Amino acid sequence: MQVTQIDIDSFKQFIENRMGLFLDATRISGLNELILTRIQVCRCMGFQGYLKLLEGPESAEELRVLSENITVGETYFFRHVDQFRAFIDSAVPERILRNGRRAGFEILSAGCASGEEAYTLSVLVHQNEALFRNLDVSIAGIDINPTSIKKARLGQYTDWALREMSPQDRKEVFAVEGKKYVVKDRYRENVTFEERNLLEDDRSFWLPGRFDVIFCRNVLMYFSTEKMRQVVGRLSRVLAPGGFLFLGPSETLRGLSTDFHLYHSHNVFYYQKKEDVELQRESPHFVPAPERVTELSRPLVSDLTFGSIDVTWAESISKSANYIESLSRKVRGTSAGFNEKGAAKSGFDIFIKVYDCFARERYQEAWETLQNLDPSMNQNPEILLLRAILLTNQGKADEAEIICESILRNDELNAGAHYLKALSREQCEDRPSAIEENNIAVYLDPTFAMAHFHLGMLLRKNGDGERAVSHLEKALRLFDIEKPVRIALFGGGFSRNALINLCRSELRNSER
Ligand SMILES: C[S@@+](CC[C@H](N)C(=O)[O-])C[C@H]1O[C@@H](n2cnc3c(N)ncnc32)[C@H](O)[C@@H]1O
């Protein structure tokens, strides 16, 4: 028996619809075998028969089996320890302070795998008893994989899962039984584990505003963009206003949601759900840019730190870059796409014209196009960013910064605005803020070559050679593949080759 590419594509689509997981090309060979085995075990008549089973009323058990085979359950105690420090030192005190009258404190570990994250939270709650005084703390661990949930309930681990824990903590938290480390009862009391699919509705569980803090780390990175957005929407609804959300270090909410403020402390990024009044007064035209997940940006299991979704306004332009280029060839020398006064007719036309001006280094013309806009477009974030870029190029970084501030008031996750702000801060000789703004930009968009480059230069000036080299090396790799539209917009008038040479020379200086 054989499965065809069409069968595999239908299977992948089914998995994405029901579990959210995006099965990329690297896993195709494994999928072949899995599908064939399952067809045999379920005694189905070929792939179509198997698909019928999956889509039928008896599919629940088969979905459980598939989730055991398809999900990645890598985890350990105190994983990404700085996030737990931020949780205890910053998120919890702020939450408790604001939440004076609530008697409970509910934490969700979404995609908890075999339970290490949920138990780590329980250990922290116990180690910080004074902080949680008089609060009834509960930690709910949920995961789609039944084997993981069984293991989590058992609470028995090998020393590999404890590799980040001090000997003192190990002794405190576990009873040793042979080679097994068994979680002591006191750390289990406030923890529950449940098999649950993040995509499935259940009103009794997903209660609005229920959770104070949600950890959903290293889960969304395996999801398709559409399903990421669906899950983030759900997590936002069940998080209390002012509650905190922790994602994995290579995951961001950029392009997925504007319901959150971005926090940066303890060297990590995390999110705070906006208050209801803030959400209500947000301008309706500030919606996340349409996104596209690229091969580069999709995390590879072997290169997780580099992975993230790639979603920016510039992406939406670059998506059309070829089209724009061919169109602009037609447009050149004519006034196609513009009305008699030269004012652009629509947002798309403006981008064509402004990008064309950038590509030909006609910044004055780009500026005039933006000045000539219909007032209704003046608050469009993409137009605002283009204005800020042009002001920066004209040496008016202070004016550009004011525009960036207004963009960021509505969309804190705009990597381009943070980068321009970094340039402005540097001009004001405020290097710490410039570094911070670039840190945010590269966190939000790890593929942003210019932000890595600028950050590398700033860190070198600051005497932080090691981190400087790391960012400059990333910039060098990225400049090679950076899209022409981003070089044209953010490259300060330098060509790709010039930027690569500059980056090489910075690297040589940093390594000295
Ligand atoms: C890499 S583990 C992350 C474990 C832990 N959060 C951490 O960061 O250490 C990802 C987990 O997400 C779970 N998962 C994947 N899709 C899910 C879904 N649709 N609903 C619930 N859990 C899911 C997987 O079963 C897996 O255990």
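Structure: above.
Residues numbered from 1 in each chain as written. Predicted model: local features only at pLDDT ≥ 70, side-chain atom pairs only at ≥ 80, totals over all residues.

Chemist: Whenever I open this one, the site of the ligand confuses me. Can you help?
Modeler: Around the ligand, a shell composed of 24 residues is seen, among which Thr71, Thr75, Gly111, Ala113 and Leu198 lie nearest. The residue inventory of the shell around the ligand, partitioned by class, reads nine nonpolar, 10 polar and five charged. Mapping the shell around the ligand onto the domain boundaries places at least three of its residues in each of domain 1 (5-70) and domain 2 (81-281). (Near = placed C-beta within 6 Å. Nonpolar A, V, L, I, M, F, W, Y, C, P; charged D, E, K, R; others polar. Domains from an automatic or database assignment.)

Chemist: Which parts of the structure should I look at to understand the sheet that holds strand E4 (residues 174-177)?
Modeler: Adjacent strands of a sheet pair through backbone hydrogen bonds, lying either parallel or antiparallel. With respect to topology, three strands assemble into an open sheet ordered E3-E5-E4, the strand pairing being antiparallel. Here the strands that pair on one side only, and so sit at the sheet edges, are strand E3 (156-157) and E4. One ladder, built from two bridges, connects E3 with strand E5 (residues 180-183); its direction is antiparallel. Residue pairing across strands places Gln156 opposite Val182, the latter belonging to E5. (Pairing = 2+ DSSP bridges. Helix = DSSP H or I, 4+ residues; strand = E, 2+ residues; numbered from the N terminus.)

Chemist: What's the story with the sheet that holds strand E7 (residues 211-216) in this structure? I'm lost.
Modeler: The seven strands are arranged E6-E2-E1-E7-E8-E10-E9 in an open sheet whose pairing can be described as mixed. The open sheet has two free edges, formed respectively by strand E6 (191-195) and strand E9 (260-265), since each of these has just one partner strand. Going across the sheet, the axis of each strand differs from the next one's by a mean of 20°, ignoring polarity. Note that strand E1 (residues 104-110) and strand E2 (residues 136-143) share seven bridges and pair parallel. If you follow Ser109 over to E2, its bridge partner there is Gly141. Relative to strand E8 (residues 239-247), helix H5 (residues 81-98) is tilted by about 180°, and along the sheet it contacts E7, E8, E9 and strand E10 (268-273). (Axes fitted to C-alpha atoms, helices over the stretch in contact; angles between N-to-C directions. Contact = placed C-beta atoms within 7 Å.)

Chemist: I would appreciate a short explanation of the nonpolar core in the present structure.
Modeler: Soluble globular proteins tend to pack their nonpolar side chains together in the buried interior. Ranked by internal contacts, the top residues of the largest apolar core, which has 125 residues, are Ile214, Leu245, Ala388 and Tyr419. In terms of residue count, helix H19 (residues 449-461) provides more of this core than any other element does, eight residues in total. If sequence neighbours within four positions are ignored, Tyr419 has contacts with Asn438, Ala441, Phe448, Met450, Ala451 and Phe490. (Core = buried A, V, L, I, M, F, W, Y, C linked by C-beta atoms within 7 Å. Buried ≥ 20, exposed ≤ 12 C-beta atoms within 10 Å, placed from the backbone.)

Chemist: For this particular structure, what's the right way to read the packing of H19 against helix H20 (residues 465-481)?
Modeler: The angle between the axes and the distance between the axes are what describe a pair of packed helices. It is at 8 Å that the axes of H19 and H20 come closest, and there the two elements cross at 155°. In terms of orientation, H19 and H20 fall into the roughly antiparallel class. Helix-helix and strand crossings are classified by hand; for H19 and H20 the assignment is left-handed. Every residue of H20 that contacts H19 at Ala449, His452, Phe453, Leu455, Gly456, Leu459 and Arg460 is listed here: Gly465, Arg467, Ala468, His471, Leu472, Lys474, Ala475, Leu478 and Phe479. (Parallel < 35°, antiparallel > 145°, perpendicular 65-115°, else oblique. Left-handed = near helix turned anticlockwise from the far one by under 90°.)

Chemist: Honestly, the packing of helix H16 (residues 397-410) against helix H17 (residues 415-427) in this entry has me stumped. Any pointers?
Modeler: Contact pair H16 / H17: the axes reach a minimum separation of 9 Å and the direction vectors enclose 145°. Along this stretch, H16 crosses H17, giving a crossing that reads as left-handed. Across the interface between the two elements, Ala397, Asp398, Ala400, Glu401, Cys404, Ile407 and Leu408 of H16 pack against Ala417, Leu420, Lys421, Leu423, Ser424 and Gln427 of H17. For the contact of H16 with H17, the per-class residue count stands at eight nonpolar, two polar and three charged.

Chemist: Please clarify how the environment of Asn497 should be interpreted in this entry.
Modeler: Mapping Asn497 onto the fold places it in helix H22 (residues 496-511). Using a count of 9 C-beta atoms within 10 Å as the deciding quantity, one classes Asn497 as exposed. Each C-alpha atom of the pair Asn497 and Phe479 lies 8.5 Å from the other, and the pair is 18 residues apart in sequence.

Chemist: Is there a simple way to think about the pairing of E10 in this case?
Modeler: A regular strand places its side chains so that they alternate between the two faces of the sheet. For E10, the tally of buried residues reaches six of six residues, placing the bulk of the element in the interior. With burial as the criterion, each face of E10 is covered, one bearing Val268, Tyr270 and Gln272 and the other bearing Phe269, Tyr271 and Lys273. Note: E8 against E10, two bridges, orientation antiparallel. Bridge assignment links Leu245 to a residue of E10, and that residue is Tyr271. Strand direction decides the pairing type here: E9 and E10, joined by six bridges, are antiparallel. Looking at E10, one finds that His264 is bridged to Phe269. The antiparallel pairing of E9 with E10 creates a hairpin that spans two residues between the two strands, and His266 there sits at a positive phi of about 55°.

Chemist: Hey, could you run me through H20 in this one?
Modeler: For an α-helix, the turn length of 3.6 residues means that residues three or four places apart are oriented alike. In a regular helix each residue adds 1.5 Å, so 17 residues correspond to 24 Å; H20 covers 25 Å between its end C-alpha atoms and thus fits that length. Buried within H20 we find Ala468, His471, Leu472, Lys474, Ala475, Leu478 and Phe479. Viewed along the axis of H20, the buried residues span an arc of 160°, placing them on a single side of the element. Facing away from the buried side of H20 by over 90 degrees, the exposed positions are Glu466, Asp480 and Ile481. Looking at the buried side of H20, the elements it contacts are H19 and H22. (Expected span 1.5 Å × (residues − 1). Arc of directions from axis to C-beta.)

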